[in-house]
Amino acid sequence: MTSSHNAFRGVWPSLRSLEVFSAAAETGNFTAAAQRLGVTQSAVSRQVADLEGLLGVRLFVRRGARLALTPTGVRLSERLAQALGEVRRAVADAAASERVLTVSMLPSVAAKWLAPRLGAFVATHPQIDLRVSASRHLVDFARDGIDAAIRYGPAPAKGLVAHRLGGETVTPVAAAGYVERLGLAMPGDLVRAALLHGDIPENWAAWFRAAGLGVAPPEGPRLGDDTAILQAAIEGHGVALGRSRLVADDLDAGRLVAPFETRLLASFAYWLVYPEGITPTPALGTFTEWVLAGFGDQSVSA
C-alpha cells in the first residue's frame, strides 16, 4: 500500500466506518461485529476495506475466520475506543439536557406545595428528569445551573421572563386539638396562645389590626422558614399565620384548622421565572404549563 500521507489527501473517513472498525477490532471477527451493529458481514468487510484504502494502511491481518490487528490497527483501535466513548457520552449528555430540568424554589414551597404533587407530575411526565434546588436565596441561573425558579415576592427584576402564578391570603392556623384545648373561639382568645412568628410582611401585628384587636400580639418563637412554622403548628406547639398556598393540603387533610374568618391579602405573589433570551426546552415548557394549571386550581384572591 502507498503511504498514508499520500493516500489520505485530506479526505476524512466517516464516523460510521470508524465505528465499524472499532467493533471489528473489539470482537476480532467480522461476523460478530456485524451482529453487534445489526448489519451484514459483507457490509462490515467492505467498510473496513474502504477505511484501509482511504488511510493507505493495513489494519487487520486475516487469519482464517479470525482477525489480528496490525500495530497500526492496535494504535487506532485504542485511541478510537477513547474518542468514540467521548462521542457517545456527548450525545447522551445532549439528549439528557433536553430532559433534565432544574428548578429553584423556597424550601417551604418545595415541601408544602410541590412535594404532595410530585408523584402526579412524574407519572404524567416520566420523560422529564425534574431536579429541585430548595433555597431561600436568589440564584444565578447561569452560574448555578438553574433552568427556572418559583419565587415569592413583588414583580421580578428585568431580564426575566415572568409568569405570575397567583397570590394568596394569610390567616391563623393550628392543630384542632390545640384550638380545643385553649378554647380559641374568638380572635381575642389568641392572647392566651403561643403565637409562632415568621418573616413575611403580613405578620401578627397586621392580622390583629385586621381582626379589630386593640392589643399587641404576644411574643413567641420566631422560626425563619414556613415549613418549620407549620410543622410546629401541626405538632400542637402554637398558632401560625398560614399562607393559603402552603396550608391548603394540611387543611384538607385535617392536620390544621383555620378557626377564624379574618384573612389578610398577601402583598407578595408567586412567580415562575427564567432568563430572557433563551429558547425554553420542551421540559421547561411542559413544567410551566403544569405549574400554571396547578396554582390555578386554588381559588385565592389576588
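Just above, that's the structure.
From a predicted model like this one, the values you see are computed outputs, not experimental measurements.

Cut-offs applied
- Residues numbered from 1 in each chain as written.
- Predicted model: local features only at pLDDT ≥ 70, side-chain atom pairs only at ≥ 80, totals over all residues.
- Heavy atoms only, no water.
- Helix = DSSP H or I, 4+ residues; strand = E, 2+ residues; numbered from the N terminus.
- Rg over C-alpha atoms; globule rule 2.2 N^0.38 Å.
- Buried < 20%, exposed > 50% of the residue type's maximum accessible area, 1.4 Å probe, protein only.
- Contact = heavy atoms within 4.5 Å.
- Pairing = 2+ DSSP bridges.
- Axes fitted to C-alpha atoms, helices over the stretch in contact; angles between N-to-C directions.
- Patch = residues over 30% accessible without salt bridge, like charges linked within 9 Å, V, L, I, M, F, W, Y side chains within 5 Å.
- Areas by Shrake-Rupley, 256 points an atom, 1.4 Å probe, with all protein chains shown as cover.
- Salt bridge = Lys/Arg side-chain N within 4 Å of Asp/Glu carboxyl O.

**Q** Just checking my understanding: could you explain the overall build of the protein chain for this structure?
**A** Secondary structure assignment for the protein chain yields twelve helices and eleven strands. Radius of gyration (C-alpha) of the protein chain: 32 Å, far over the 19 Å computed for a compact globule of 302 residues. Summarising its shape, the C-alpha atoms of the protein chain cover approximately 100 × 40 × 30 Å along the three principal directions. Taken across its 302 residues, the protein chain has 44% of its residues classed as buried. Here the analysis covers contacts within the protein chain between residues at least 6 apart in sequence; of these, 75% occur between residues at least 24 apart.

**Q** Explain the sheet that holds strand β7 (residues 169-173) here, please?
**A** The strands making up a sheet are joined through hydrogen bonds of the backbone, oriented either antiparallel or parallel. One open sheet holds the four strands; their spatial order is β8-β9-β7-β10, and the pairing between them is mixed. Where the open sheet ends on each side, the last strands, each with one partner, are β8 (195-196) and β10 (264-265). Across the sheet, helix α11 (residues 244-253) lies against β7 and β9 (239-243), angled at about 110° from β9, the strand it touches most.

**Q** So what exactly am I meant to see when it comes to the pairing of strand β5 (residues 148-153) here?
**A** Moving residue by residue along a regular strand, the side chains alternate between the two faces of the sheet. For β5, the buried fraction is high: six of the six residues fall into the buried class. By the alternation rule, side chains of β5 split into Ala148, Ile150 and Tyr152 and Ala149, Arg151 and Gly153, which are all buried. Alignment of strand β3 (residues 100-105) against β5, held across three bridges, turns out to be parallel. Residue Ser104 lies in a different strand from β5, and its bridge partner there is Ala149. Strand direction decides the pairing type here: β5 and strand β11 (residues 269-275), joined by five bridges, are antiparallel. By the bridge assignment for β11, Tyr152 is matched with Tyr270.

**Q** How do you make sense of a nonpolar patch on the surface when you look at a structure like this?
**A** There is a patch of nonpolar side chains on the surface, built from Leu15, Val87 and Val91 and spanning about 250 Å² of accessible area. Summarising the element assignment, Val91 is placed in helix α5 (residues 71-97).

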